[in-house]
Amino acid sequence: MSQAVGNTALAYARVWHHVNASDRVLGKLAERIALVLMGKHKPIYDKSLDCGDYVVVTNAKHIKVTGRKDEQLVYRKHTMFPGGLKETEYKDMMDKKPYEIIRHAVSGMLPKNKLRERRLERLKVFGGSNMGIYRGNILKRWEDGTLTEDYILKLDPKNRMKAKAK
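Residues numbered from 1 in each chain as written. Predicted model: local features only at pLDDT ≥ 70, side-chain atom pairs only at ≥ 80, totals over all residues. Heavy atoms only, no water.

Things to note about the overall build of the protein
The helix and strand tally for the protein stands at seven helices and six strands. Helices and strands appear in the protein in the N-to-C order β-α-β-α-β-β-α-α-α-β-β-α-α. For the protein, restricting intrachain contacts to residue pairs at least 6 apart in sequence, the fraction spanning at least 24 positions comes to 63%. Of the roughly 11100 Å² of accessible surface on the protein, a fraction of 53% belongs to carbon and sulfur atoms. (Helix = DSSP H or I, 4+ residues; strand = E, 2+ residues; numbered from the N terminus. Contact = heavy atoms within 4.5 Å. Areas by Shrake-Rupley, 256 points an atom, 1.4 Å probe, with all protein chains shown as cover.)

Some details on the pairing of strand β1 (residues 16–20)
With five bridges connecting them, β1 and strand β2 (residues 54–58) associate as parallel partners. When the bridges of β2 are listed, His18 appears paired with Val56. Where the polypeptide runs from β1 across helix α1 (residues 26–38) and back to β2, its parallel neighbour, the crossover connection is right-handed. (Pairing = 2+ DSSP bridges. Right-handed = clockwise from strand over helix to strand, strands pointing away.)

Some remarks on the pattern of salt bridges
For the structure on display, the rule yields eight salt bridges. Of the charged contacts in the structure, one is a salt bridge between Asp53 and Lys42, with a shortest N-O distance of 2.9 Å. In this pair, Asp53 sits in the loop between α1 and β2 while Lys42 sits in the loop between α1 and β2, placing the two residues eleven residues apart along the sequence. The buried category is assigned to Asp53, whose relative accessible area is 2%. One network of salt bridges, with partners in common, ties together Arg14, Asp50, Arg119 and Arg122. (Salt bridge = Lys/Arg side-chain N within 4 Å of Asp/Glu carboxyl O. Buried < 20%, exposed > 50% of the residue type's maximum accessible area, 1.4 Å probe, protein only.)

A short note on the environment of Lys86
Following the sequence through the fold, Lys86 ends up in strand β4 (residues 85–89). With twelve residues separating them in the primary sequence, Lys86 and Val74 have C-alpha atoms 10.0 Å apart. Setting aside anything within four residues of it in sequence, one finds Lys86 in contact with Tyr75, Arg76, Lys77 and Thr79.

What about unusual backbone geometry?
In the Ramachandran plot, Asp23 falls in the positive-phi region, its phi being about 55° despite a non-glycine side chain. In this structure Asp23 comes out as exposed when scored by relative accessible area, which is 56%. In the Ramachandran plot, Asn59 falls in the positive-phi region, its phi being about 60° despite a non-glycine side chain. As for its position among the elements, Asn59 is in the loop between β2 and α2 (69–72).

Digging into the nonpolar core
Residues Ile33, Val55, Val57, Ile63, Ile102, Val106 and Leu123 are the most contacted members of the largest nonpolar core, which totals 27 residues. Every element with two or more residues in this core is listed here: α1, β2, α3 (90–96), α4 (98–109) and β5 (123–125). Counting residues per element, this core draws most heavily on α1, at eight residues. Ignoring anything within four residues of it in the chain, the contact list for Leu123 reads Ile33, Leu37, Val55, Val57, Arg103 and Val106. (Core = buried A, V, L, I, M, F, W, Y, C linked by side-chain atoms within 4.5 Å.)

Here we look at the packing of α1 against α4
Where α1 meets α4, the closest approach of the two axes is 8 Å, and the angle between their N-to-C directions is 60°. By the criterion of interaxial angle, the relationship of α1 to α4 is oblique. Between α1 and α4 lies a crossing of right-handed hand. Each of Leu26, Gly27, Ala30, Glu31, Ile33, Ala34 and Leu37 in α1 lies in contact with α4, whose residues at this interface are Ile101, Ile102, Ala105, Val106 and Met109. Within the contact of α1 with α4, the residues separate by chemical class into ten nonpolar, one polar and one charged. (Axes fitted to C-alpha atoms, helices over the stretch in contact; angles between N-to-C directions. Parallel < 35°, antiparallel > 145°, perpendicular 65-115°, else oblique. Left-handed = near helix turned anticlockwise from the far one by under 90°. Nonpolar A, V, L, I, M, F, W, Y, C, P; charged D, E, K, R; others polar.)

A word on the side chain of Asp53
A distance of 2.9 Å separates the side chain of Asp53 from the side chain of His41, its partner in a polar contact. Not counting residues up to four positions away in its chain, the partners in contact with Asp53 are Ala13, Arg14, Val15, His17, Val36, Leu37, His41, Lys42 and Arg122. (Polar contact = N/O pair within 3.5 Å; in protein donor to acceptor, adjacent residues only side chain to side chain.)

Focus on the packing of aromatic side chains
Enumeration over the complete set of coordinates arrives at three aromatic pairs. Considering the side-chain rings of Trp16 and Tyr134, the 5.6 Å spacing of their centres and the 25° angle between planes classify their relative orientation as stacked. Of this pair, Trp16 sits in strand β1 while Tyr134 sits in the loop between β5 and β6 (140–141), and the two are 118 residues apart along the sequence. A relative accessible area of 13% places Trp16 in the buried class. With a relative accessible area of 24%, Tyr134 lands in the partly exposed category. The interplanar angle of 45° and the centroid separation of 5.9 Å between the aromatic rings of Phe126 and Tyr134 together place this pair among those described as tilted. (Phe/Tyr/Trp six-rings, centres within 6.5 Å; stacked < 30°, edge-to-face > 60°.)

Structure representation (structure tokens):
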């Protein structure tokens, strides 16, 4: 009997993961998010295909960096005009755009190819705990990969009765 999953729609189905970034280290979190966006956690992974999942990150303004990076880290961008180099320090970026810090870190962890922007589109980052309309899409917990209680209640009517009894 074959162990191959095959090119089924179920194998390529995209799942929504929720990540709480409070008190998490930026580099380690960005690395793990990049792996999920690429789809390396799936048995059907192929580097030329886009088979990754969606990731929703909340509490981006509570993320931590190690060492003295909070004093030394500088984000640079260029306007493409002469003398148009703009530099923003980590502390200023954390006050103005905390979501950009995580997006920039994850972007650096992804392969530099044509799929990079498409993968980054599936990353949704929020500075606070409110994720808006994306809350209904979340299927998996980030810590252990198990399904959320809301999704289990939708699937199994017996569990719905147990939840009402509590």
